[in-house]
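Listed below are the residues making up each chain.
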Amino acid sequence: MKLYTFFRSSASYRVRIALNLKGLAYEQIPIHLRRAGGEQFAASYKAINPQALVPALDDGGQILTQSLAIMEYLEERYPKPPLLPTDPVDRARVRSMAMIIACEIHPIQNLRVLVHLKNNLRQPEDDLNLWARHWIDLGLSALEQIAISTPKRGKFCFGDTPTLADICLVPQLANARRFGCDLSAYPTLLHVETACNALPAFANAAPEKQPDAE
Ligand SMILES: N[C@@H](CCC(=O)N[C@@H](CS)C(=O)NCC(=O)O)C(=O)O
């Protein structure tokens, strides 16, 4: 398997964690999102992902994009260990937590959104961080409440084994720190993060451990 990835990309980080949890070997193909105006915009990469976003996964010549779709694919194709519970209601709860991050928080603080705010809408650098922090805080506040009140409270976001929710959470918390968010209001999420990072699958997927890390 080949993973088109960037060490600091939180969507790539999700897929690295999922691959590690499933014990799947993969080769990393780094796509630097800043160098030379962004390697994601090269024609050679846009042939792989016309959206010019990482990650993309090549599994035996099948190229897949969108981290949630990739992780759902991995779950179906390589079901052990599971990253979703078995009960349909539980599965929906886990997906809902993952989507708060992947659909509601991350897209609005993504690089291309910030670049557009800065270059085209002439917003000052400081305001970009305020923007990112606003959307991250809004999403994490809701997630903290959901994690506290989940019927399957455990070591992780949902129960005692890692799920897609945890896989989305840990990279998002790393992003939050980069933008200078105060995470002290989210003690439950921080406990979950500690439990996750105690697992080699999470620890080895961390940005600073990647071959393209700066
Ligand atoms: N929804 C997509 C998001 C992918 C995405 O936004 N990737 C970012 C890095 S985390 C990216 O490639 N950004 C490049 C850019 O903004 O130009 C997914 O989950 O895969």
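Notes on the structure follow. (Residues numbered from 1 in each chain as written. Predicted model: local features only at pLDDT ≥ 70, side-chain atom pairs only at ≥ 80, totals over all residues. Heavy atoms only, no water.)

### A look at the site of the ligand
At step 1: Near the ligand, the surroundings consist of 16 residues, among which V54, Q66, S67, N110 and R112 are the closest.
At step 2: A distance of 2.6 Å separates an oxygen atom of the ligand from a polar side-chain atom of N110.
At step 3: When the free accessible area of the ligand is taken as 510 Å², the share hidden by the protein chains comes to 92%.
At step 4: Here the ligand is seated within the largest pocket.
At step 5: Put simply, the parts of the chain that give the shell around the ligand at least two residues each are helix 1 (10-21) and helix 5 (111-119).
At step 6: With three residues, helix 1 is the single largest residue contributor to the shell around the ligand. (Near = heavy atom within 4 Å. Polar contact = N/O pair within 3.5 Å; in protein donor to acceptor, adjacent residues only side chain to side chain. Areas by Shrake-Rupley, 256 points an atom, 1.4 Å probe, with all protein chains shown as cover. 1 Å grid on protein atoms, 1.4 Å probe; cavity = no way out; pocket = protein on both sides within 12 Å on 5 of 7 lines; lining within 4 Å. Sits in = over half its atoms within 2 Å of the grid points. Helix = DSSP H or I, 4+ residues; strand = E, 2+ residues; numbered from the N terminus.)

### Considerations on helix 3 (residues 67-77)
At step 1: Among the residues of helix 3, S67, L68, I70, M71, L74 and E75 are the ones counted as buried. Projection of helix 3 onto a plane perpendicular to its axis shows the buried side chains occupying an angular sector of 160°, all on one side.
At step 2: Each element contacted by the buried residues of helix 3 is listed here: helix 1, strand 3 (56-59), strand 4 (62-65), helix 4 (88-105) and helix 7 (164-178). (Buried < 20%, exposed > 50% of the residue type's maximum accessible area, 1.4 Å probe, protein only. Arc of directions from axis to C-beta. Contact = heavy atoms within 4.5 Å.)

### Considering the packing of aromatic side chains
At step 1: Evaluated as defined, the whole model comprises three aromatic pairs.
At step 2: Consider the rings of F6 and F7, whose centres lie 4.9 Å apart with planes at 65°: the pair is edge-to-face.
At step 3: On the basis of relative accessibility, which here comes to 3%, the residue F6 falls in the buried class.
At step 4: Overall, F7 belongs to the buried group, its relative accessible area being 6%.
At step 5: On the numbers, 5.8 Å between centres and 70° between planes, the contact of W131 with W135 is edge-to-face. Of this pair, W131 and W135 are both found in helix 6 (residues 125-149), four residues apart, which corresponds to roughly one turn of the helix.
At step 6: For W131, a relative accessible area of 30% translates into the label partly exposed.
At step 7: Its relative accessible area of 27% is what places W135 among the partly exposed residues. (Phe/Tyr/Trp six-rings, centres within 6.5 Å; stacked < 30°, edge-to-face > 60°.)

### With respect to the sheet that holds strand 2 (residues 27-30)
At step 1: Within the open sheet, the four strands sit side by side as 2-1-3-4. Their pairing is mixed. The strands lining the two open edges of the sheet, one partner per strand, are strand 2 and strand 4. The sheet shows a mean angle of 20° between the axes of neighbouring strands, taken without regard to direction.
At step 2: Across four bridges, strand 1 (residues 2-5) lies against strand 2 in parallel orientation. (Pairing = 2+ DSSP bridges. Axes fitted to C-alpha atoms, helices over the stretch in contact; angles between N-to-C directions.)

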